[in-house]
Amino acid sequence: MTALPRLAPARRLLLGSLLLGGSTLAAQQALAADISIACGAGDAADYCPIAARQWAEKTGHEVNIVSTPNDTTEKLSLYQQLLGSQSNDIDVIMVDIVWPGLLADHLVDLSDHLPEDATAGFFPALVENNTVDGRLVAMPWFTDAGLLYYRRDLLEKYGHEVPETWQELTEAAQAVQAAEREAGNDDFWGYTFQGRAYEGLTCNALEWVASHGGGTLVDAEGNLTINNARAAEALDLAASWIGTITPEGALNHTEEETRGIFQSGNALFLRNWPYVWSLADAEGSKVAGKVGMAPLPHGPEGEPAATLGGWNWAVSRYSEHPEIAADLVAFITSEAQQKAHAIQMGMNPTIEALYQDEEVLASNPSMSDLYETLTNGVPRPATVTATDYPRVSNAFFNRVHEVLSGNQDGAAAVQQLEGELRRLSRRW
């Protein structure tokens, strides 16, 4: 090694400082990690890239944003391929509320990397949902439940009240659709919902069935509840909407297609999640200032039912930087980020105190009204069916899609579905 030349004390001090500074910078660069996060579709409703980049600026780490399909079934398939191959391509993944039990073996225990009080202030039920065999496999990010959006101006114009029953919704949709088309809007529809054969249809159909008093597909004890007259009636009613008050294209629509129809001014009613509020009411929206939000209707012998939804953040067990990835999860799910997410995107926080936050309520006054709906949502039977849940949901939405498509009636569908689920239930 070449010796340094003799220098005057002041010059030696200066050189020493420069070398130390260079070493510190090099150390910081060496410690910086490259973290990949699987966000949503990267569209206007996706806050994930914003939060991830803020974390990168704050920490000095690099973050790669990976877009994933809007379709939750396709998103799950992507994750299962990545995790099943033990790929380290993705460090942080966005997990649906029904996936923790399914994916737990591939996820790190966040309790090993986060402070003991990391879950303080979160809805206990959501933390419990994300805890599998004593392991905290995901942190709650936002929660939601199905809601009914409606055009306040059109209901008032044509003399209709906000519907409390599905029959009232059907009648108002028929009348307003006919009037709007008579007025020249041939593209106007009475009601739009997510009818594609995917997880979103499971959510819609569970609401129809439960709100008719037809049970919840599988109850908490694992008993099958779907094969009954009220469930069949609910599905037949939904099928009657297709091509009459609901476009036939709904058979292939997910959340964003239905939001597009409603937000373009071409629907009276929309079933969707709470995120739609801030987008539909934003500047530039054709329906801004004209939108109302209410609980979903119910059948003649039921109560309103809203499928519980929500998304969480998890760290892949195959990440090369689990500690740093967990820090990104903690940042995105922090109170400050959830508050920003609520204000900017209208998403419902998983930290209870934010439902009393003045700024959050000022951005969306209905947030406090949603509190009860969100905390009393109808869960999908993911816990009791465990790793079989995707098969249960797949069987359900495929049978329902057959009814909506006119290939089966409700009674035949629920009978066939019971047989399919009974074969699966032997493993629960």
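Before reading further, recall that the structure is shown in the block above.
Residues numbered from 1 in each chain as written. Predicted model: local features only at pLDDT ≥ 70, side-chain atom pairs only at ≥ 80, totals over all residues. Heavy atoms only, no water.

A. Layout of the overall build of the chain. The helix and strand tally for the chain stands at 18 helices and 12 strands. Expressed along its principal axes, the backbone C-alpha trace of the chain runs to roughly 95 × 55 × 35 Å. Residues counted as buried form 53% of the 428 residues belonging to the chain. Restricting the contact set of the chain to residue pairs at least 6 apart, pairs at least 24 apart contribute 73%. (Helix = DSSP H or I, 4+ residues; strand = E, 2+ residues; numbered from the N terminus. Buried < 20%, exposed > 50% of the residue type's maximum accessible area, 1.4 Å probe, protein only. Contact = heavy atoms within 4.5 Å.)

B. Expanded view of the packing of helix α17 (residues 389–404) against helix α18 (residues 410–425). Running from N to C, α17 and α18 point in directions that differ by 165 degrees, and their axes come no closer than 10 Å. By the criterion of interaxial angle, the relationship of α17 to α18 is roughly antiparallel. Here α17 and α18 pass one another in a crossing that is right-handed. Where α17 approaches α18, its residues Arg391, Val392, Ala395, Phe396, Arg399 and Val403 are matched on the opposing element by Gly410, Ala413, Gln416, Leu417, Glu420, Leu421 and Leu424. (Axes fitted to C-alpha atoms, helices over the stretch in contact; angles between N-to-C directions. Parallel < 35°, antiparallel > 145°, perpendicular 65-115°, else oblique. Left-handed = near helix turned anticlockwise from the far one by under 90°.)

C. Molecular detail of helix α13 (residues 335–345). Among all positions in α13, only Gln337, Gln338, Ala340, His341, Ala342 and Met345 are buried. Just downstream of α13, Gly346 is the residue with a positive phi angle, here 75 degrees.

D. A look at the pairing of strand β10 (residues 291–294). Residues of β10 alternate between two faces, with Val291 and Met293 on one and Gly292 and Ala294 on the opposite face, all of them buried. In this structure, strand β7 (residues 147–151) lies alongside β10, joined through four bridges in antiparallel fashion. Bridging from a neighbouring strand, Leu148 pairs with Ala294 of β10. (Pairing = 2+ DSSP bridges.)

E. Molecular detail of the pattern of salt bridges. Tallying each qualifying case throughout the model produces 14 salt bridges. Put simply, Glu74 and Arg196 hold a salt bridge, and the shortest N to O gap is 3.1 Å. With a gap of 122 residues between them, Glu74 in helix α3 (residues 72–84) and Arg196 in the loop between β8 (189–192) and α8 (199–211) connect regions that are remote in the sequence. The exposure class of Arg196 is partly exposed, given its relative accessible area of 24%. Residues Lys157 and Glu180 are paired through a salt bridge, measuring 3.9 Å at the closest nitrogen-oxygen approach. Of the two residues, Lys157 sits in helix α6 (residues 152–158) while Glu180 sits in helix α7 (residues 166–182), which places them 23 residues apart along the sequence. Of the residues examined, Glu180 reaches a relative accessible area of 12% and is grouped as buried. Members of the salt-bridge network, linked through shared partners, are Asp71, Glu74 and Arg196. (Salt bridge = Lys/Arg side-chain N within 4 Å of Asp/Glu carboxyl O.)

F. Inspection of the side chain of Asn130 at higher detail. Topologically, Asn130 is positioned in the loop between α5 (124–129) and β4 (131–132). Here the side chain of Asn130 touches Ala138 through a polar contact of 3.3 Å, landing on its backbone oxygen. The residues touching Asn130, leaving out its near neighbours within four places in the chain, are Pro100, Arg135, Leu136, Val137, Ala138, Met139, Pro140 and Asn312. (Polar contact = N/O pair within 3.5 Å; in protein donor to acceptor, adjacent residues only side chain to side chain.)

G. Quick look at the environment of Ala288. When you line up the elements, Ala288 lands in the loop between α11 (276–280) and β10. Note on Ala288: relative accessible area 30%, which makes it partly exposed. Taking C-alpha positions, Ala288 is 8.4 Å from Gln263, a pair spaced 25 residues apart along the chain. Look past the residues within four positions of Ala288 in its chain and what remains in contact with it is Ala280, Asp281 and Ala282.

H. Focus on the sheet that holds β7. Spatially, β8-β9-β7-β10 is the arrangement adopted by the four strands of the open sheet, whose pairing is mixed. The open sheet terminates on both sides in strands that have one partner only, identified here as β8 and β10. With strand direction ignored, the average angle separating the axes of adjacent strands in the sheet is 15 degrees. Summarising the sheet, β8 and strand β9 (residues 267–272) pair through three bridges and their orientation is parallel. Note that in β9 the partner of Thr192 across the bridge is Leu270.

I. Region of interest: the environment of Gly243. Following the sequence through the fold, Gly243 ends up in the loop between α9 (229–241) and α10 (255–263). On the accessibility criterion, Gly243 (39% relative accessible area) is partly exposed. Through-space distance from the C-alpha of Gly243 to that of Trp189 is 9.5 Å; in sequence the pair is 54 residues apart. Sequence-distant contacts of Gly243, that is, excluding residues within four places in its chain, are made with Trp189 and Glu248.

J. Looking closely at the state of the cysteines. In the structure shown here, the tally under the stated rule is one disulfide. Covalent S-S linkage joins Cys39 and Cys48, the inter-sulfur distance amounting to 1.9 Å. Judged by the sign of its S-S torsion, about -55 degrees, the bond between Cys39 and Cys48 is left-handed. Each member of the pair, Cys39 as well as Cys48, carries the same accessibility label: buried. (Disulfide = S-S within 2.5 Å.)

K. Structural context of the packing of aromatic side chains. As enumerated under the stated definition, the model contains 14 aromatic pairs in all. Here Trp166 and Trp241 contribute two aromatic rings whose centre-to-centre distance is 5.4 Å and whose plane-to-plane angle is 45 degrees, an arrangement assigned as tilted. Taken together, the residues span a long stretch of sequence, with Trp166 in helix α7 and Trp241 in helix α9 at a distance of 75 residues. Residue Trp166 shares its accessibility class with Trp241, and that shared class is buried. Through pairs of rings, three or more aromatic residues link up here, namely Trp166, Tyr191, Phe193, Trp208 and Trp241. The ring centre of Trp311 lies 5.5 Å from the NZ or CZ of Lys75, which sits over that ring. A cation sits over an aromatic face here: Arg181 above Trp189, 4.4 Å from the ring centre. (Phe/Tyr/Trp six-rings, centres within 6.5 Å; stacked < 30°, edge-to-face > 60°. Lys NZ or Arg CZ within 6 Å of the ring centre and 35° of its normal.)

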